Amino acid sequence: MNDWKGRFFRHGVMPLCAVLFGFTLLVLLSCSGAMAGSKAKKVLIVGDDAYPPYSYVEHGEPKGIYVDILRRIFERMAGYDVTMRLMPYKRAMDMARRGEAFGVFPPYYKPRMRPYLGTYSDPILREEVVVICHWSVLSRERPKFPEDYKGLRFGNNLGFVIGGDDFWHAVRDRIIDLEEVRGTETNLRKLVNGRLDCYINDRLAILATLKRMEAEGTIANADALIKEAYVVSGQYAHLAFSGHVDCTDFVAKFNRELAGMRASGELDEIVRAHTE
């Protein structure tokens, strides 16, 4: 495995112990009561339909890393009949706000911004924004971002505002040259061809796109030509629950199945299936 690809599995999925305990307490404090009766309870879980490789719709079918993880968990949870539906993210959040959806994925934990979400599951995955660069500009180490990247040509997906304030100040001051185009695929092609020095995006979005392009034959020798240079930021994604619902039993079962998948390596296997 290419080392920069393997970095995710060393630092992305597994190092969650430090946050799990806190979220378990939040679950206990945020939900009360339990599901009554033996009949399977029907619940609706909604998610983002345009967030590849995590969740998206292809030929009318829900696809993605989170979709695969959640589907396996829901199939193993006794007492629930779960329907998963993908839609524009704003609409999904609005449904959770109004109590029309039992839960929504994959919001980051921001209780002040989203007070209508009462409880969050344990973290599912850590999403990380990274800088990858052409090998030719990494002949020397560049440990500080964005200071060590001045004078380089960066690619960015049109409309994406990632990289942090210091990065965008450097762009506005023309210390860093930024080229924005539509889509990850175009940026990666330009990077491999040496028309960009570096590119900034979510790590798994990059890996999943590279996998598809390599399978299609539209890109070659990427492992030898590009390398991860810097981790800009990272946040944990969750399944969050509407403040209108009683989720105690559901979230306890969900967290138990999620922990089992993490311990067994099944979570890693799903990620690899989408990125390698």
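Conventions used here
Residues numbered from 1 in each chain as written. Predicted model: local features only at pLDDT ≥ 70, side-chain atom pairs only at ≥ 80, totals over all residues. Heavy atoms only, no water. Helix = DSSP H or I, 4+ residues; strand = E, 2+ residues; numbered from the N terminus. Buried < 20%, exposed > 50% of the residue type's maximum accessible area, 1.4 Å probe, protein only. Contact = heavy atoms within 4.5 Å. Areas by Shrake-Rupley, 256 points an atom, 1.4 Å probe, with all protein chains shown as cover. Axes fitted to C-alpha atoms, helices over the stretch in contact; angles between N-to-C directions. Parallel < 35°, antiparallel > 145°, perpendicular 65-115°, else oblique. Left-handed = near helix turned anticlockwise from the far one by under 90°. Nonpolar A, V, L, I, M, F, W, Y, C, P; charged D, E, K, R; others polar. Pairing = 2+ DSSP bridges. Salt bridge = Lys/Arg side-chain N within 4 Å of Asp/Glu carboxyl O. Polar contact = N/O pair within 3.5 Å; in protein donor to acceptor, adjacent residues only side chain to side chain.

Visitor: How would you sum up the overall build of the chain? Please name residues and give values.
Guide: The helix and strand inventory of the chain stands at 10 helices and 13 strands. Taking all 276 residues of the chain together, the buried fraction comes to 49%. Taking as baseline every contact in the chain between residues at least 6 positions apart, the subset at least 24 positions apart corresponds to 76%. Only carbon and sulfur atoms are counted for the fraction: they give 51% of the accessible area of the chain, which is about 13,400 Å².

Visitor: A description of the side chain of T184 should follow, citing residues and the corresponding values.
Guide: Topologically, T184 is positioned in helix α6 (residues 184-192). Exposure remark for T184: the relative accessible area of 13% places this residue in the buried category.

Visitor: Kindly report on the packing of helix α3 (residues 65-76) against helix α9 (residues 248-264), identifying the contributing residues and their values.
Guide: Packing of α3 against α9 brings their axes to within 10 Å, and their N-to-C directions diverge by 120°. Regarding the angle of α3 to α9, the classification is oblique. When the axes of α3 and α9 are compared, the crossing they make is right-handed. Seen from α3, the contacting residues are I69, L70, R72, I73, F74 and R76; seen from α9, they are F250, F254, E257, L258 and M261. Considered class by class, the residues forming the contact of α3 with α9 number eight nonpolar, no polar and three charged.

Visitor: Can you explain the pairing of strand β8 (residues 125-134)? Please cite residues and give values.
Guide: Most of β8 sits inside the fold, with nine of its 10 residues counted as buried. Relative to strand β12 (residues 226-237), β8 runs antiparallel, the two sharing 10 bridges. Bridged to I132 within β12 is E228. Pairing geometry for β8 and strand β11 (residues 198-202), over five bridges, is antiparallel. Each bridged residue has a counterpart across the sheet, and for V129 the counterpart in β11 is D202.

Visitor: Pulling in residues and values, what's your account of the pattern of salt bridges?
Guide: In the structure shown here, the tally under the stated rule is 18 salt bridges. R212 is the partner of E216 in a salt bridge, and the nearest nitrogen-oxygen pair spans 3.5 Å. In this pair, E216 and R212 both sit in helix α7 (residues 203-216), four residues apart, roughly one turn of the helix. The exposure class assigned to E216 is partly exposed, which follows from its relative accessible area of 49%. Residue K253 is joined to D249 by a salt bridge in which the shortest nitrogen-to-oxygen separation is 3.2 Å. Placement of the pair is K253 and D249 together in helix α9, with a separation of four residues, close to one helical turn. What emerges from the salt-bridge pattern is a single network uniting R126, E128, R203 and E228.

Visitor: Can you break down the environment of S233 residue by residue, with the values?
Guide: When you line up the elements, S233 lands in strand β12. The class for S233 is partly exposed, based on a relative accessible area of 36%. Once you skip the residues sitting within four places of it in the chain, S233 turns out to touch R126, E127, E128 and V129.

Visitor: Residue-level account of the sheet that holds strand β5 (residues 80-87), with values.
Guide: By way of backbone hydrogen bonds, the strands of a sheet pair with one another, either parallel or antiparallel. Here we have five strands laid out as an open sheet, ordered β5-β1-β6-β13-β7, and mixed in their pairing. Each of the sheet's edge strands pairs with one partner strand only, and the pair in question is β5 and β7 (117-120). Taking the axes of each pair of neighbouring strands and ignoring which way they run, one obtains an average angle of 30° across the sheet. The sheet contact formed by strand β1 (residues 41-48) and strand β6 (residues 103-105) spans three bridges and is parallel. Paired with V46 across the strands is V104, a residue of β6.

Visitor: I'd like a description of the side chain of K190, backed by residues and values.
Guide: Along the chain, K190 falls in helix α6. In this structure K190 comes out as buried when scored by relative accessible area, which is 8%. Polar contacts involving the side chain of K190 include one to the side chain of E179, which spans 2.8 Å. Not counting the four nearest positions on each side in its chain, K190 is found in contact with E179, V181, R195 and L196.

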